[in-house]
Amino acid sequence: SPVRRRRGFTLMELSFALIIIAMIMGAVASICRALTMQWSAADQAQAIQLQGSLATVRLEQALRMSKYIGMYRTGSLGSTSQTTAAAIMLWYNDNDTPYGSIQFDEIALIQLNTTTGELVLYEVVWPSTITPAQKAAADLTYSYSSIAASTVPETFKAMKYVTAMPIAHNVSGCIFNVNSLGSLNTRASVEYQIQFNENGRSWMQYGVAALRASETQPP
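Presented here is an overview of the structure given in this document. From a predicted model like this one, the values you see are computed outputs, not experimental measurements. (Residues numbered from 1 in each chain as written. Predicted model: local features only at pLDDT ≥ 70, side-chain atom pairs only at ≥ 80, totals over all residues. Heavy atoms only, no water.)

**Considerations on the environment of T141**
Structurally, T141 can be placed in strand β7 (residues 141-142). For the pair T141 and D105, spaced 36 residues apart in sequence, the C-alpha separation works out to 9.4 Å. A distance of 3.0 Å separates polar atoms of two side chains, one belonging to T141 and the other to Q103. (Helix = DSSP H or I, 4+ residues; strand = E, 2+ residues; numbered from the N terminus. Polar contact = N/O pair within 3.5 Å; in protein donor to acceptor, adjacent residues only side chain to side chain.)

**Some remarks on the pattern of salt bridges**
The tally for this structure, following the rule as stated, stands at two salt bridges. The salt bridge partner of R64 is E60, with a shortest N-O separation of 3.1 Å. With R64 and E60 both in helix α2 (residues 11-65) and four residues apart, the pair spans about one turn of that helix. The shortest N-O distance in the salt bridge between R73 and E154 comes to 3.0 Å. Note that R73 is positioned in strand β1 (residues 66-73) and E154 in helix α5 (residues 152-157), a separation of 81 residues in sequence. A relative accessible area of 13% means that R73 is categorised as buried. (Salt bridge = Lys/Arg side-chain N within 4 Å of Asp/Glu carboxyl O. Buried < 20%, exposed > 50% of the residue type's maximum accessible area, 1.4 Å probe, protein only.)

**Observations concerning the sheet that holds strand β5 (residues 107-113)**
Neighbouring strands of a sheet are bound in pairs by backbone hydrogen bonds; such pairs are parallel or else antiparallel. Strand order across the open sheet formed by five strands is β1-β3-β5-β6-β8, with antiparallel pairing between neighbours. Unpaired on one side and paired on the other, β1 and β8 (162-168) mark the two borders of the sheet. On average, adjacent strands in this sheet sit at an angle of 25 degrees to one another, irrespective of strand direction. Direction of pairing for β5 relative to strand β6 (residues 118-124): antiparallel, over a ladder of six bridges. Paired with N113 across the two strands is E118, which belongs to β6. (Pairing = 2+ DSSP bridges. Axes fitted to C-alpha atoms, helices over the stretch in contact; angles between N-to-C directions.)

**Comments concerning the pairing of strand β10 (residues 189-198)**
As judged from the eight bridges shared by strand β9 (residues 171-179) and β10, these two strands associate in the antiparallel manner. Residue pairing in the sheet places G173 in a bridge with Q195 of β10. Of the pairings in the sheet, the one linking β10 to strand β11 (residues 201-210) comprises 10 bridges and is antiparallel in character. Bridge assignment links S189 to a residue of β11, and that residue is A210. Where β10 folds back onto β11 in an antiparallel hairpin, the turn is made up of two residues, including N199, whose phi is positive at roughly 55 degrees.

**Concerning the packing of aromatic side chains**
Scanning the entire structure with this criterion turns up five aromatic pairs. Centroid distance F104 to W126: 6.0 Å. Interplanar angle 65 degrees. Geometry classified as edge-to-face. Linking F104 in the loop between β4 (102-103) and β5 with W126 in the loop between β6 and α3 (132-138), this pair joins segments that are 22 residues apart in sequence. As far as the burial class goes, F104 and W126 line up, both buried. Ring geometry for F104 versus F156: centroids 6.3 Å apart, planes at 70 degrees, classification edge-to-face. A residue pair is termed long-range when its members are at least 10 positions apart, and F104 in the loop between β4 and β5 and F156 in helix α5 qualify at 52 residues. On the basis of relative accessible area, F104 is assigned to the buried category, the value being 3%. F156 gets classed as buried once you look at its relative accessible area, which sits at 3%. Members of the aromatic cluster, joined through ring pairs, are F104, W126, Y142, F156 and Y161. (Phe/Tyr/Trp six-rings, centres within 6.5 Å; stacked < 30°, edge-to-face > 60°.)

**So, the sheet that holds β9**
Taking strand neighbours across the sheet as the criterion, the four strands line up as β2-β9-β10-β11 in an open arrangement whose pairing is antiparallel. Of all strands in the sheet, those bounded by a partner on one side alone are β2 (75-76) and β11.

**Quick look at unusual backbone geometry**
Of note, the phi angle at Y161 is positive, near 80 degrees, even though the residue is not glycine. With respect to the helices and strands, Y161 occurs in the loop between α5 and β8. By relative accessible area, which is 19% here, Y161 ends up buried. Backbone geometry at N199 places phi at a positive 55 degrees, although glycine is not the residue there. Considering the arrangement of structural elements, one finds N199 in the loop between β10 and β11. The class of N199 is exposed, set by a relative accessible area of 61%.

Listed below in structure tokens is the structure:
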């Protein structure tokens, strides 16, 4: 009859439809969640690799500017104390007179801070308010032995005008190895390994950077 043809769904039919829709939505939600987790994991992996690449650029820039190397500590990829962490003293930016001599603002240090997990560049930054007389008084000439002493990283970091700039974060270990230092035929180079750890993910960055020229040991 016309009345029977116009009737709606029964409660049982609606219940079955809702159950089927819920099952479909649950499956879609599970797929979306799995994709989101995969995307998040990929983003984290790419982020830590990007940190390694950025550290390489910054580290090699400092090393390739350098003219000679003072003391260095090899360091370790495992846990280590601050006094044995990777460190390297650099003589770079030989721009002040007398040329060929090491001035205070031509010294830099790269060291792993084991407390913050940062690879840090320490260098001299003159404040904009410093007078020429103050700069001349502070910008002393140093002998090579001054940057080759075993305790020079701690001494240098404590000096006035020395500023710290992180060049890499989430670093759990670092190793430096110096090759061909003092050779007139081959530029000295620094091989490095940097271990990154972030959110349970790790990445090892390898590299080597040569100094800008072959040099004999400065006086």
